[in-house]
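Listed below, chain by chain, are the residues.
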Amino acid sequence: MNIETWFLVIYFIAMAGIGVWTLKIGTKGSEGFLLGGRSLGPAVTALRLQSSSMSGYMFLGAGSLAYTKGYFSLWYAMGDIGGGVLNLSILGRRMRKLSQILGSLTSIEYLEHRYPSRWIRAIAAPVAVVCIFFYVMTQFIAGGRGLEMVTGIPYAWALLIAVGVIVFYTFLGGYLAVAYTDFVQAIIMLIGMVWILIGTLQAIGGWTAGNEAVGQINPNLLTMWGPEGIDSVQWGVIIGAVLVFSIGYMGWPHVNVSHMAMKRPSVARTASMYATGFNLLFIPAPYIVGIMALIILPNLDNPELAVFEVAATVLPNFAVGIVMAGIMAAIMSTADALLLQSGTIASQDLFQRFIKKDMTDSQSVWVSRFTVLILAVIGYWVAVNDPPSVAEVAIFATTVLGAAFVPVYVAAAWWKKANVPGAITSMILGTVSSVGWQLAGLVDVTGVDPMGVGIVCSTLALIVVSLATQKSHPVPEHVIAAMHETDKIGAIPAHMLTGQNDALGGQVPKDA
């Protein structure tokens, strides 16, 4: 094996080791497997949230966009940089506190407890599972392509190895394994990406020389308007590009569960500072590398491999191994979060809620584990037979998640008049409008991005329907009381806690 492969082998063993280490906590019932006992501090919370958001998209999709669109791609980066701190600032403390008072263990269950109706979960769970499946498939593809390039192993076998390692530690340790591996992976991602950026700038003779060379290829690539210039700008697409990775974060169930797993609500404040620092250092790098790849690799056949190929070109062999570990870290940190969330939704939000209500904690954990395994097998089969574009699928899946869920998550914590009919209408209209807009090809016709359309439709639906149905469907008193307590800074009063679980600090009955 070459030195790059050895680094990856060591990295894979380390991630699997974390899964084994967290096995004990992961088997302590649903709470341990799904939320890690709500024991996470600010650094792990922040880096877990960011690494599970960044994904293989940052190493494949971001580089591809930059290679083909130039500095226009930075619209996506601008949204991404502020996404983590917005999510933690708007939802973090409130969602952590409210989910504890309402007794919620999953981010979908949290929605049903805030909007008490089985239809909330019946609608939200399938939408989330379908979108998450498409998203996790892009991570598998990215992992397979990366391993194939570095090791020379055929794509099918490289893909199988990547999927196998991810499934192994997620299967064993649950949320705690995902959280701690994501924390380690975030650090590796940052080191690897910054290393590629430095090597790239050295190879092209510096920032100024690089921009001059790109300008000679096409001056429009140096602007924020795209290769065709300002006359071709579609402002609706730009607005959607900023929205999908800024406020879009707040609609991703696999990200929002990070808030619920914090040790205490106040963790959100410190975590937002860690998240901001990480984003400022990490996010611009793959876009800049992708732009400068036009100089280093002017005839690149597959733009999605821009960051991979640049790393292999400008870095020494031993550094390529470390950098590839960083790339695999980005891919695996999102894939594990997505797989765990899919298993969580299947066990808690579908199977236990609608099929076997008396399911034990042990049974719930095993349903979650087998769901992870089944989705991994299906995802592998699709990815190995007809792999789609990573960037297109990732953006589409996250757009639908954002359009469907951002308004209901935000209103759940902040607006006391948001009710069941409003939430149901919002999720349905957000999903249908964003998917329909994309499938009908209206982006090219109107110049308006599906994210913008979906968010507007779902937000208006939530507001209008909630206000129109206040008398027929008032928000329950226990929810109002919980929200009033969430408004306050400080510990939850004893009378709002049942003390049934010391690890969680108390839960109220689920049917309260």
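Residues numbered from 1 in each chain as written. Predicted model: local features only at pLDDT ≥ 70, side-chain atom pairs only at ≥ 80, totals over all residues. Heavy atoms only, no water.

J.: Describe a nonpolar patch on the surface, naming the residues involved and giving the relevant values.
T.: Together, Trp366, Phe370, Leu373, Ile374, Val377 and Ile378 line one region of the surface with nonpolar side chains, adding up to about 550 Å² of accessible area. Note that Phe370 resides in helix α17 (residues 361–385). The class of Phe370 is partly exposed, set by a relative accessible area of 44%. (Patch = residues over 30% accessible without salt bridge, like charges linked within 9 Å, V, L, I, M, F, W, Y side chains within 5 Å. Areas by Shrake-Rupley, 256 points an atom, 1.4 Å probe, with all protein chains shown as cover. Salt bridge = Lys/Arg side-chain N within 4 Å of Asp/Glu carboxyl O. Helix = DSSP H or I, 4+ residues; strand = E, 2+ residues; numbered from the N terminus. Buried < 20%, exposed > 50% of the residue type's maximum accessible area, 1.4 Å probe, protein only.)

J.: Describe the packing of helix α13 (residues 267–282) against helix α14 (residues 284–296), with residues and values.
T.: Taken N-terminus to C-terminus, the directions of α13 and α14 make an angle of 5 degrees; their axes are 5 Å apart at the nearest point. In terms of axis orientation, α13 runs roughly parallel to α14. Here Asn279, Leu280, Leu281 and Phe282 of α13 lie close against α14, whose contacting residues are Pro284, Ala285 and Pro286. Grouping the constituent residues of the contact of α13 with α14 by class yields 6 nonpolar, 1 polar and no charged. (Axes fitted to C-alpha atoms, helices over the stretch in contact; angles between N-to-C directions. Parallel < 35°, antiparallel > 145°, perpendicular 65-115°, else oblique. Contact = heavy atoms within 4.5 Å. Nonpolar A, V, L, I, M, F, W, Y, C, P; charged D, E, K, R; others polar.)

J.: Tell me about the side chain of His259, and name the residues and values.
T.: Looking at the element boundaries, His259 is found in helix α12 (residues 253–260). In this structure His259 touches Leu49, Asn87, Leu88, Leu91, Gly92, Met95 and Arg96, once residues within four positions along its chain are discounted.

J.: Would you mind going over the confidence of the model for the chain in detail, with residue names and values included?
T.: As a note on interpretation, predicted positions should not be read in detail where pLDDT is low. On average, residues of the chain score 80 in pLDDT, and 83% of them are at 70 or above. Confidence drops under pLDDT 50 across residues 498–512; counting only partners more than four residues distant or on other chains, this segment forms 31 contacts. (pLDDT = per-residue confidence, 0-100.)

J.: Break down helix α5 (residues 61–69) for me, with residues and values.
T.: Most of α5 sits out of view: 7 of its 9 residues are buried. Buried residues of α5: Gly61, Ala62, Gly63, Ser64, Leu65, Ala66 and Tyr67, and no others. Among the residues trailing α5, Gly70 stands out with phi positive, at a value near 70 degrees.

J.: Describe in detail the packing of aromatic side chains, supporting the description with residues and values.
T.: Applying the stated criterion to the full structure yields 6 aromatic pairs. A centroid spacing of 5.4 Å and a plane angle of 20 degrees characterise the contact between Phe278 and Phe282, whose relative ring orientation is stacked. Of the two residues, Phe278 and Phe282 are both situated in helix α13; the distance of 4 residues between them amounts to about one turn of the helix. For Phe278, a relative accessible area of 5% translates into the label buried. Residue Phe282 is classed as buried on the basis of its relative accessible area of 0%. Members of the aromatic cluster, joined through ring pairs, are Tyr110, Phe405 and Tyr409. (Phe/Tyr/Trp six-rings, centres within 6.5 Å; stacked < 30°, edge-to-face > 60°.)

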